[in-house]
Amino acid sequence: MKKILIFASGSGTNAENIIQHFKSTNTATVVSIFTNNPNAKVIERANNFQIPTEIFSKEDLYSGKVLLKLLNIDPDLIVLAGFLLKFPESIVASYPNAIINIHPALLPNYGGKGMYGMNVHRAIVENKEKETGITIHYVNENYDEGNIIFQKKVTLLVTDTPEVVAEKIHELEQKYFPSVVEDVLNLKK
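Residues numbered from 1 in each chain as written. Predicted model: local features only at pLDDT ≥ 70, side-chain atom pairs only at ≥ 80, totals over all residues. Heavy atoms only, no water.

(A) Examining the sheet that holds strand 6 (residues 131-138) more closely. Pairing is mixed in the open sheet, where 7 strands are placed in the order 3-2-1-4-5-6-7. Each end of this open sheet is capped by a strand with a single partner; those strands are strand 3 (53-55) and strand 7 (148-155). Adjacent strand axes in the sheet meet at a mean angle of 20°, parallel and antiparallel pairs treated alike. In terms of strand pairing, strand 2 (residues 28-35) meets strand 3 through 3 bridges, oriented parallel. The residue of strand 3 that forms the bridge with Thr 35 is Ile 55. Of the strands in this sheet, strand 1 (2-7), strand 2, strand 4 (77-80) and strand 5 (99-103) are in contact with helix 1 (residues 13-23), which crosses strand 2 at around 160°. (Pairing = 2+ DSSP bridges. Helix = DSSP H or I, 4+ residues; strand = E, 2+ residues; numbered from the N terminus. Axes fitted to C-alpha atoms, helices over the stretch in contact; angles between N-to-C directions. Contact = heavy atoms within 4.5 Å.)

So this is what it looks like as C-alpha cells:
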C-alpha cells in the first residue's frame, strides 16, 4: 500500500476528503498530516481518523528537521492541501515529482507569494474574470510554478462575490483532488 503524507495549514477539508477517498481503496493510505499551525482544524480532522499529526515550526521546516521526519516515514507522495509556507529546496530535491499542490486558480494566473484562499478569489472578482478554476501541479522551488498535472474551469457570473467564487472552487477541489492524487500515485510504479 502506497503512503500519502499531507501538509496543511488550515481547516483541512481537502485533507479529510483525500483521507475519506483512500479509506475506500486499497491503493494508498494517508499515513500522517504535517502542519505548521498548532491551531489548525486539520489536526482535529486527522484525530477523527486516528492519523498521526506532526506540528512543526517554520524554523523546523527550513532547518532540515522536517526533511528528516519525511525520510523516516518515506512517503510515496506528499500532498499540499492548503499549506501556506514555501517548500524548501532540500525537500523538493529529495522528492522529485513526488510533491503536488492544489491552487485555487488557473495557473499561471493568480499564483505566487501571497496568492492563496480569499486573496485569490478577491483578485479574480476585482479583475472581472469570466472563469476561474483549480490547478493541481507538481511543486518545485518556486511558488506555483511546477508542471501542471490537472486543471478544471468554472464559469463566473458578474454577480459572483469572492465568497461565491470560493464555494465554486471548493466544489471543484472536493470533486477532483482525490482522484487526481490517485492518478499521480498510479503513475508512480
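(B) Expanded view of the nonpolar core. Core analysis: the biggest nonpolar cluster contains 40 residues, and Ile 4, Ile 6, Ile 33, Val 79, Ile 100, Phe 177 and Val 181 have the highest contact counts within it. It is helix 7 (residues 162-187) that provides the largest number of residues to this core, a total of 9 residues. Apart from residues no more than four positions distant in its own chain, Ile 4 is found in contact with Phe 22, Ala 28, Thr 29, Val 30, Val 31, Ser 32, Leu 77, Val 79, Val 181 and Leu 185. Within the second largest apolar cluster, 19 residues are counted, among which are Phe 34, Leu 61, Leu 80 and Phe 87. (Core = buried A, V, L, I, M, F, W, Y, C linked by side-chain atoms within 4.5 Å. Buried < 20%, exposed > 50% of the residue type's maximum accessible area, 1.4 Å probe, protein only.)

(C) Representation of the pairing of strand 2. Burial within strand 2 is extensive, with 6 of its 8 residues counted as buried. Direction of pairing for strand 1 relative to strand 2: parallel, over a ladder of 6 bridges. Opposite Lys 3, over in strand 2, you have Thr 29 as the bridge partner. As a crossover connection, the stretch from strand 1 through helix 1 into strand 2 is right-handed. Where the polypeptide runs from strand 2 across helix 2 (residues 41-48) and back to strand 3, its parallel neighbour, the crossover connection is right-handed. (Right-handed = clockwise from strand over helix to strand, strands pointing away.)

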